[in-house]
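Each chain, written out:
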Amino acid sequence: MKLVILESPYAGDIEGNTIYARDCVRDSLRRGESPIASHLLYTQPGILNENIPAERLWGIEAGHAWLKHADLMAVYEDWGLSGGVKAAIKKAEAIGLPIEYRRIR
């Protein structure tokens, strides 16, 4: 199984983006991959608060730490690329991690 970092928008329409990100995780699993979507994991109630800048940064940095272990970054682009997604893409490019752009809608 490929270890896959999933990237999709989160900030803004958090409710809609959370539903979309869950669909992205499901799509990745259907492809036979082992995905991680840190923006879904770390923003669950009681973990990190997206509205507190320091906590948001902790989550971003924790998600980026997984890049060196992944086989692929899957960027789900149906709803565009947020600033956070663009930053993650730059990090992946810097370490030579393959990036695959996907659409599910």
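Above this text sits the structure in question.
Enquirer: What exactly am I supposed to notice about the overall build of the protein here?
Expert: Counting secondary structure elements, the protein contains four helices and four strands. Each helix (α) and strand (β) of the protein, taken in turn from the N terminus, gives the series β-α-β-α-α-β-α-β. Seen along its three principal axes, the alpha-carbon backbone of the protein occupies a region of about 35 × 30 × 25 Å. Burial analysis of the protein (105 residues in total) assigns 39% to the buried set. Taking all contacts inside the protein whose residues are at least 6 apart in sequence as the whole, residues at least 24 apart take part in 71%. About 6100 Å² of surface is accessible on the protein, with carbon and sulfur atoms providing 55% of the total. Counting 13 positive and 14 negative side-chain charges, the protein places the centres of these two groups 3 Å from one another.

Enquirer: It is not clear to me how the nonpolar core should be interpreted in this structure. Could you clarify?
Expert: A general feature of soluble globular proteins is that nonpolar side chains tend to end up buried together. If you look at the biggest cluster of nonpolar residues, it comprises eleven residues: Val 4, Leu 6, Tyr 20, Ala 21, Cys 24, Val 25, Ala 37, Leu 40, Leu 72, Ala 74 and Tyr 76. Sort the elements by how many residues they give to this core and helix α1 (residues 14-30) lands first, with four residues. Aside from chain neighbours lying at most four places away, what touches Ala 21 is Ser 8, His 39 and Leu 40. Membership of the second largest hydrophobic core comes to ten residues, among which are Ala 70, Val 85, Ala 92 and Leu 97.

Enquirer: Hey, could you run me through the side chain of Ser 38 in this one?
Expert: Mapped onto the fold, Ser 38 is located in helix α2 (residues 38-41). Those residues in contact with Ser 38, other than ones at most four positions away along the chain, are Thr 43 and Gly 63.

Enquirer: Just to check I follow, could you spell out the sheet that holds strand β2 (residues 34-36) for this structure?
Expert: The strands making up a sheet are joined through hydrogen bonds of the backbone, oriented either antiparallel or parallel. Strand order in the open sheet formed by four strands is β2-β1-β3-β4, and the pairing between neighbours is parallel. Every other strand in the sheet has two partners, leaving β2 and β4 (99-102) as the edge strands with one partner each. Here the strands of the sheet are splayed against their neighbours by 30° on average, with no regard to which way each runs. Two strands pair when backbone bridges link them, and strand β3 (residues 72-76) and β4 are joined in this way by four bridges, in the parallel orientation. Within β4, the residue paired with Ala 74 across the bridge is Glu 100. Helix α4 (residues 83-95) rests against β1 (3-7), β3 and β4 of the sheet, and its axis sits at about 155° to β3.

Enquirer: I keep staring at the pattern of salt bridges and nothing clicks. Help me out?
Expert: Side chains that differ in charge, positive against negative, can pair when their charged atoms come close. In this structure the tally under the stated criterion is seven salt bridges. When the shortest N-O distance is used, the salt bridge between Arg 31 and Glu 100 registers 3.6 Å. Of the two residues, Arg 31 sits in the loop between α1 and β2 while Glu 100 sits in strand β4, which places them 69 residues apart along the sequence. Notably, a salt bridge pairs Glu 33 with Arg 102, separated by 2.6 Å at the nearest N-O pair. Remark: Arg 102 occurs in strand β4 and Glu 33 occurs in the loop between α1 and β2; sequence separation between them is 69 residues. For Arg 102, a relative accessible area of 3% corresponds to the buried category. Counted as one network, the salt bridges with shared partners bring together Asp 27, Arg 31, Glu 33, Glu 100 and Arg 102.

Thresholds, definitions, all that
- Residues numbered from 1 in each chain as written.
- Predicted model: local features only at pLDDT ≥ 70, side-chain atom pairs only at ≥ 80, totals over all residues.
- Heavy atoms only, no water.
- Helix = DSSP H or I, 4+ residues; strand = E, 2+ residues; numbered from the N terminus.
- Buried < 20%, exposed > 50% of the residue type's maximum accessible area, 1.4 Å probe, protein only.
- Contact = heavy atoms within 4.5 Å.
- Areas by Shrake-Rupley, 256 points an atom, 1.4 Å probe, with all protein chains shown as cover.
- Lys, Arg positive; Asp, Glu negative; His and termini not counted.
- Charge placed at Lys NZ, Arg CZ, Asp CG, Glu CD.
- Core = buried A, V, L, I, M, F, W, Y, C linked by side-chain atoms within 4.5 Å.
- Pairing = 2+ DSSP bridges.
- Axes fitted to C-alpha atoms, helices over the stretch in contact; angles between N-to-C directions.
- Salt bridge = Lys/Arg side-chain N within 4 Å of Asp/Glu carboxyl O.

Shape descriptors only; they carry no functional weight alone.
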